[in-house]
Amino acid sequence: MLKRLSPAQWTPLGAAHLLNRAGFGGSPADIGALYALGVTAAVESLLGGNEDEDLFPPPALTGPKELFEQVRLARTGDEEQKRQAQQIARRQQAEEVRAARAWWLDRMRYTLFPLREKMTLFWHGHFATGVEKVRAANLIWQQNETLRANALGSFRSLAKEISRDPAMMRYLDLIQSDKAKPNENFARELMELFTLGEGVRYTEADIRESARAFTGYRIDPPRGAFVFQKRQFDSSEKTFLGRTGPFDGDAVIDIILEQPECSSYIAKKIWRFLASDDPSPAVVQNLAAQFRASNYDIRGLLREIFLSEEFYAPKVVRSQVKSPVQWIVQTAKVLEAPLPSQPAMEASLSQLGQVLFAPPNVKGWEGGHAWISSSTLLFRYNLAGYIVSGKAPALEGFRKGAGSVQIPLEKIAPPELRADPEKLCDAVSQRLLNTRLEGEERKRFVTFLRERGAKIDDPGLRDFLHLMMSTPDYQLT
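A few points on the structure. (Residues numbered from 1 in each chain as written. Predicted model: local features only at pLDDT ≥ 70, side-chain atom pairs only at ≥ 80, totals over all residues. Heavy atoms only, no water.)

**As for the side chain of T331**
So, point 1. Looking at the element boundaries, T331 is found in helix α17 (residues 324–334).
So, point 2. Using a relative accessible area of 1% as the deciding quantity, one classes T331 as buried.
So, point 3. Within the structure, T331 has its side chain in polar contact with the backbone oxygen of W327 (distance 2.6 Å).
So, point 4. Leaving out residues up to four positions away in the same chain, T331 has contacts with Q326, I387, M469 and Y474. (Helix = DSSP H or I, 4+ residues; strand = E, 2+ residues; numbered from the N terminus. Buried < 20%, exposed > 50% of the residue type's maximum accessible area, 1.4 Å probe, protein only. Polar contact = N/O pair within 3.5 Å; in protein donor to acceptor, adjacent residues only side chain to side chain. Contact = heavy atoms within 4.5 Å.)

If you want it as structure tokens, here you go:
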């Protein structure tokens, strides 16, 4: 077990750090409320809570039955009729995927349970599935709901649910696997990317045997649901990771989870997502032991992380590069503003390299410092200017109609702050960076405010927000 953070070590910066990493940040009031709970209650408040789907009605998507009929029609008629039907179906699906992205981003912004959404985002990158191959917005959204329902539950259950998920089955060709010709794609990625790590414990023979265990997995197109076709299943004995028996897919997953490398692999990956890129061997060992002993309880693993001294270490706090999704959602939350419009978010995520439901490959997004390049950093700075300016954007990739974002300037900087450059600088830096600037850096920002006059007007405040958001520090969380 990792060493617990003591009540005396709990600080407002620690509360901000917890809210940033276990969610998408928050306003000064949000941070203050979390800090007032104390560390144990604060962590439990984030770990608790039911789903809040009633606040976020599902996007309007073509159902599996209707989509099945569309596909059938697109295969009938003459060549011109087929072409037109296919074009209509592609345009409709593209619109529906955009609607699903906007729905999820809105949920991240306004959810009452940010940790559930943060972990849904993690699992989306872990069990990466792309709509370009799945070609069904409804199935991609259905997978998102599966990830959400299991995000804080049992990794064992989640892994089995994903093996039966129609979007994953399409993406990794599991629907093409039968006893006469087992497809190895899912079996390989199950071990290489989802549970053990590349080349760890398993052999090519294990991949082949595992593929046989996952035969017979199919989708019922009118329902968009998993079905098991027993006649296509290879029920003969298989030898997998040193065990022999007539294993099916669930049995293979159970055997994988018996391997100590599995708990280490998942615990380390979750730590890297929530804390830092370079956990010590002791941290990984402790987390893996706890995870394995709890029968892969995700909520228990997160509790162990969030209550540990290591999670709040100076080298961890404000050291993580914000992903594009984190940047956009956290910006809206700290400014207490709505998200940019759907066209603006679509363009921004595309330019910044994290389009939801469209990871670059089955490995998901690399993350970390890979989020930053000279072009993406410049785009972040310009995006900050668009958001705080109150004007329609003039950025690369933006379409007309992206609109402006309404920022509550009076709430961010009430009149009593605007006449005092030092207090205004401290208030804005606490809001945006969760800390008070010091030394020459603070002096530069205060000088900027003094040069704007005796009292900062709205244009001056917008410029100041843009200036602070256009710093390397703002790209970290």
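**Quick look at the environment of R243**
So, point 1. Considering the arrangement of structural elements, one finds R243 in strand β4 (residues 243–245).
So, point 2. Look at R243 and you get partly exposed, because its relative accessible area is 37%.
So, point 3. Sequence separation between R243 and R208 is 35 residues, and the spatial gap between their C-alpha atoms is 14 Å.
So, point 4. Not counting chain neighbours up to four residues away, the residues in contact with R243 comprise K238, I255 and E258.
So, point 5. Within polar-contact distance, the side chain of R243 engages the side chain of E258 at 2.8 Å.

**Some points on the packing of helix α6 (residues 114–126) against helix α16 (residues 298–306)**
Packed helix pairs are characterised by how far apart their axes lie and by the angle those axes make with each other.
So, point 1. At their nearest, the axes of α6 and α16 sit 13 Å apart, and the two run at 110 degrees to each other. The angle between the axes of α6 and α16 places the two elements in the roughly perpendicular class. Mapping the contact onto sequence places L115, R116, M119 and W123 in α6 and I298, R299, L302 and F306 in α16.
So, point 2. Of the residues contributing to the contact of α6 with α16, the split by class is 6 nonpolar, no polar and 2 charged. (Axes fitted to C-alpha atoms, helices over the stretch in contact; angles between N-to-C directions. Parallel < 35°, antiparallel > 145°, perpendicular 65-115°, else oblique. Nonpolar A, V, L, I, M, F, W, Y, C, P; charged D, E, K, R; others polar.)

**Describing the pattern of salt bridges**
So, point 1. Scanning the model with the defined rule gives 30 salt bridges in all.
So, point 2. Between E336 and R431 there is a salt bridge, with the nearest N and O atoms lying 2.8 Å from each other. Of this pair, E336 sits in the loop between α17 and α18 (342–352) while R431 sits in helix α22 (residues 421–433); the two residues are 95 residues apart in sequence, bridging distant segments of the chain.
So, point 3. Through salt bridges with shared partners, a single network forms among E422, D426, R436, E438, R442 and R450. (Salt bridge = Lys/Arg side-chain N within 4 Å of Asp/Glu carboxyl O.)

**Side note on the packing of helix α3 (residues 39–47) against α16**
So, point 1. Orientation of α3 relative to α16, taken along the N-to-C sense of each, is 150 degrees, at an axis distance of 10 Å. Here α3 is positioned roughly antiparallel relative to α16, judged by the angle of their axes. Crossing geometry of α3 relative to α16 is assigned as right-handed. Of α16, the residues touching α3 (which contributes V43, E44 and L47) are R299, L302, R303 and F306.
So, point 2. Partitioned by chemical class, the residues of the contact of α3 with α16 number 4 nonpolar, no polar and 3 charged. (Left-handed = near helix turned anticlockwise from the far one by under 90°.)

**Re the packing of aromatic side chains**
So, point 1. One pass over the full model with this rule turns up 23 aromatic pairs.
So, point 2. Plain terms: the ring middles of W103 and W141 are 6.1 Å apart, the flat faces sit at 65 degrees to each other, and that makes the pair edge-to-face. Within this pair, whereas W103 is found in helix α5 (residues 79–110), its partner W141 is found in helix α8 (residues 137–150), the two being separated by 38 residues in sequence. Across this residue pair, the class does not change: W103 and W141 are buried.
So, point 3. Centroid distance F127 to F155: 6.4 Å. Interplanar angle 20 degrees. Geometry classified as stacked. With a gap of 28 residues between them, F127 in the loop between α6 and α7 (131–134) and F155 in helix α9 (residues 155–163) connect regions that are remote in the sequence.
So, point 4. Judged by its relative accessible area of 1%, F127 is buried. (Phe/Tyr/Trp six-rings, centres within 6.5 Å; stacked < 30°, edge-to-face > 60°.)

**Focus on empty space enclosed by the protein**
So, point 1. All chains considered together, the criterion is met by 1 cavity of 30 Å³ or more.
So, point 2. Put simply, the largest cavity is a space of about 30 Å³.
So, point 3. Around the largest cavity sit T331, A332, L335, A337, P338, P340, I387, V405 and I407, which together line it.
So, point 4. Class assignment for the residues of the lining of the largest cavity results in 8 nonpolar, 1 polar and no charged. (1 Å grid on protein atoms, 1.4 Å probe; cavity = no way out; pocket = protein on both sides within 12 Å on 5 of 7 lines; lining within 4 Å. Points joined across faces, edges and corners; volume = space filled by probe spheres on them.)

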